[in-house]
Amino acid sequence: MEKSDQPMRAAVLTDPEEFEIEERERPEPDADEVLVKIRNVGICGSDVHYYEHGRIGDFVVENPLVLGHESAGEIVETGANVNGFEAGDRVTLEPGVPCRRCSHCKRGDYHLCPDVTFMATPPHDGAFSEYVAWPTDYTYKLPENISTRAGALCEPLSVGIHACRRGNVGTGDTVLITGAGPIGLLAMEAARAAGATDVIITDIVQSKLEFAKERGADHAVNVAETDLETAINEYTDESGADVVIEASGAEPSVKSTLDGVRRGGNIVFVGLASESEIPLDVVDIINNELDVYGSFRYKNTYSTAVKLLADGVVDVEGIIDFERGLDSIDEAFERSMKPDVIKGMISVDR
Ligand SMILES: NC(=O)c1ccc[n+]([C@@H]2O[C@H](COP(=O)([O-])OP(=O)(O)OC[C@H]3O[C@@H](n4cnc5c(N)ncnc54)[C@H](O)[C@@H]3O)[C@@H](O)[C@H]2O)c1
Ligand SMILES: C[C@@H](O)[C@H](N)C(=O)O
């Protein structure tokens, strides 16, 4: 067991586009918590957004903040009441911890808890640091065959799994995924795991579409050059996709979901558009009896993500473009802003 009276290093966002590596007190695990030595943390688009703009909507970085919510590492200490976990266990951390008492939590919709503490969402610190103390009920063991790099990406995979569950993706389905970023690509993995036999993916960056095809998309449509409806009609014998998962957050893409879905099909909105009000043809939704779902974060997906990874049903590590140590976090964030980059990974003890 490591000594817990030593300080730790953390990358702290002190100003827009400025990290400082600070020495901080190492957290003490509470009775129901484990202390985790963080190994890997993925860089998410929301981290990059806070880095660039200092805010996402109503969430404003008012005080220095540790970013990072896609994390995995190794337990080094356990709280007094902890059972079932021990030092040396490699784990992934679900970043949202709810109150466990409100009506949403009690209904099982803990991801909708208004008092959730979500890593790297102001004012709560995230995981770009050497240690994090975390409650065991939001901590998941990684079997031997899952790396902590992959374990960290249980987070965006969870977003994909939840979106597929919301859209009821099933065996033999044709799924249209708009946006081939990390969320779109991992939604594709989740859709395949749920039984989708045909996946059509769109983007406006050709290299991302080529990458999506290498990763198994049946068709990749560059919607900057090709009309989506025409392409979908061609690939689905005029019927449309059973499920559309909007994972770009781009306004034209949000609108085009109605062109891609079949009559009676499902649309799942995952991507967060910069404009929250986007006109959609309600008569079209009624006449075609479409089911339209919002998909917010996830619930009860981490165990599934770990099982899918352990069984080799999904791949997440393949989306990592580059890996950097904590000291190179500025460079990693600058690089993550380039449009052809999919996923940067911080390896804390690199
Ligand atoms: N609902 C949730 O819980 C949740 C969770 C995580 C992320 N998100 C959101 O999901 C979206 C995707 O996340 P990401 O990390 O993959 O982002 P990303 O920016 O890496 O990927 C978005 C992709 O969409 C592409 N794109 C842009 N315009 C397009 C268009 N008109 N048609 C098709 N593709 C287009 C971009 O080129 C990019 O490849 C973001 O809006 C993010 O904020 C939502
Ligand atoms: C769910 C998570 O990946 C997302 N970026 C959020 O902050 O809500």
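Reading guide: rules and limits
Residues numbered from 1 in each chain as written. Chains lettered and ligands numbered in written order. Predicted model: local features only at pLDDT ≥ 70, side-chain atom pairs only at ≥ 80, totals over all residues. Heavy atoms only, no water. UniProt positions renumbered as here; feature names shortened; annotations may be inferred. Helix = DSSP H or I, 4+ residues; strand = E, 2+ residues; numbered from the N terminus. Rg over C-alpha atoms; globule rule 2.2 N^0.38 Å. Buried < 20%, exposed > 50% of the residue type's maximum accessible area, 1.4 Å probe, protein only. Areas by Shrake-Rupley, 256 points an atom, 1.4 Å probe, with all protein chains shown as cover. Lys, Arg positive; Asp, Glu negative; His and termini not counted. Charge placed at Lys NZ, Arg CZ, Asp CG, Glu CD. Core = buried A, V, L, I, M, F, W, Y, C linked by side-chain atoms within 4.5 Å. Domains from an automatic or database assignment. Near = heavy atom within 4 Å. Polar contact = N/O pair within 3.5 Å; in protein donor to acceptor, adjacent residues only side chain to side chain. Contact = heavy atoms within 4.5 Å. Axes fitted to C-alpha atoms, helices over the stretch in contact; angles between N-to-C directions. Parallel < 35°, antiparallel > 145°, perpendicular 65-115°, else oblique. Left-handed = near helix turned anticlockwise from the far one by under 90°. Nonpolar A, V, L, I, M, F, W, Y, C, P; charged D, E, K, R; others polar. Buried area = accessible area lost by both parts, 1.4 Å probe. Salt bridge = Lys/Arg side-chain N within 4 Å of Asp/Glu carboxyl O. Expected span 1.5 Å × (residues − 1).

- You'll find the chain entered in an unreviewed UniProt entry as L-threonine 3-dehydrogenase, with Natrinema salifodinae given as the organism.
- The UniProt entry for the chain carries the following text under Pathway (unreviewed entry): "Amino-acid degradation; L-threonine degradation via oxydo-reductase pathway; glycine from L-threonine: step 1/2."
- Recorded in UniProt for the chain, the comment headed Catalytic activity (unreviewed entry) runs: "L-threonine + NAD(+) = (2S)-2-amino-3-oxobutanoate + NADH + H(+)".

1. Considerations on the overall build of the chain
- What the chain contains, in helices and strands, is 11 helices and 20 strands.
- Relative to the 2.2 N^0.38 estimate, which gives 20 Å for 350 residues, the radius of gyration of the chain is 20 Å and therefore close to what a compact globule would have.
- Taken over the C-alpha atoms alone, the chain extends approximately 65 × 40 × 35 Å along its principal axes.
- Among the 350 residues that make up the chain, the fraction classed as buried is 53%.
- Only carbon and sulfur atoms are counted for the fraction: they give 44% of the accessible area of the chain, which is about 15,600 Å².
- Positive and negative side-chain charges in the chain, numbering 31 and 64 respectively, have mean positions lying 4 Å apart.

2. Quick notes on the nonpolar core
- Membership of the largest hydrophobic core comes to 89 residues, with the highest contact counts inside it found for Leu67, Phe128, Ile177, Ile245 and Phe333.
- Taken domain by domain, this core gets at least three of its residues from each of domain 1 (7–153 + 316–347) and domain 2 (158–294).
- Residues Leu176, Leu228, Ile232 and Val254 belong to the second largest nonpolar core, which totals 16 residues.

3. Some thoughts on the site of ligand 1
- Surveying the vicinity of ligand 1 reveals 23 residues, the closest of which are Asp203, Val270, Leu272, Ser295 and Arg297.
- Within the backbone of isoleucine 183, an N or O atom sits 3.0 Å from an oxygen atom of ligand 1.
- Here leucine 272 contributes a backbone N or O atom positioned 2.9 Å from an oxygen atom of ligand 1.
- Surface burial for ligand 1 is 78%, taken as the share of its 860 Å² of free accessible area covered by protein chains.

4. Here's the deal with the environment of threonine 301
- Its location among the elements puts threonine 301 in the loop between β18 (291–294) and α10 (302–310).
- Along the chain, threonine 301 and threonine 14 lie 287 residues apart, while their C-alpha atoms are 33 Å from each other.
- What threonine 301 contacts, discounting residues up to four positions off in sequence, is Ser158, Ile161, His162 and Arg165.

5. Points about the packing of helix α4 (residues 154–166) against helix α5 (residues 182–193)
- Put simply, α4 and α5 touch, their axes get as near as 8 Å, and they point 55 degrees apart. Our classification of the angle between α4 and α5 gives oblique. Regarding α4 and α5, the two cross each other, and that crossing is right-handed. Contacts between α4 and α5 involve Pro156, Leu157, Val159, Gly160, Ile161 and Cys164 on the former and, on the latter, Ile183, Leu186, Ala187, Glu189, Ala190 and Ala191.
- Here the residues of the contact of α4 with α5 are counted per class, giving 10 nonpolar, one polar and one charged.

6. Regarding the UniProt feature "domain: Enoyl reductase (ER)" (unreviewed entry) in the chain
- Here the UniProt-annotated "domain: Enoyl reductase (ER)" (unreviewed entry) positions come out as residues 14–346.
- A helix fraction of 28% and a strand fraction of 29% characterise residues 14–346, whose end C-alpha atoms lie 18 Å from each other.

7. Concerning the domain arrangement of the chain
- The domain architecture assigned to the chain consists of domain 1 (7–153 + 316–347) and domain 2 (158–294).
- Look at where the C-alpha atoms of domain 1 and domain 2 centre, and you get two points 28 Å apart.
- Facing the 10 residues of domain 1 at the interface are 11 residues of domain 2.
- Summed over both sides, the interface of domain 1 with domain 2 buries roughly 790 Å², with 71% coming from carbon and sulfur.
- At the boundary of domain 1 with domain 2, the tally comes to zero salt bridges.
- Remark: the boundary between domain 1 and domain 2 carries one residue pair in polar contact (both at pLDDT 80 or more).

8. Topic: α5
- Its 12 residues place the ends of α5 16 Å apart at the C-alpha level, agreeing with the 16 Å of an ideal helix rising 1.5 Å per residue.
- Within the sequence span of α5, burial applies to Gly184, Leu185, Leu186, Ala187, Met188, Glu189, Ala190 and Ala191.
- On its buried face, α5 sits against α4, β13 (174–178), β14 (198–203), α6 (206–214) and β16 (241–246).

9. Side note on the environment of glutamate 22
- Structurally, glutamate 22 is set in strand β2 (residues 18–25).
- For glutamate 22, a relative accessible area of 24% puts it in the partly exposed group.
- In the structure, glutamate 22 is positioned 12 residues away from alanine 10 in sequence and 5.4 Å away in space, judged by C-alpha atoms.
- Not counting chain neighbours up to four residues away, the residues in contact with glutamate 22 comprise Met8, Arg9, Ala10, Val12 and Thr14.

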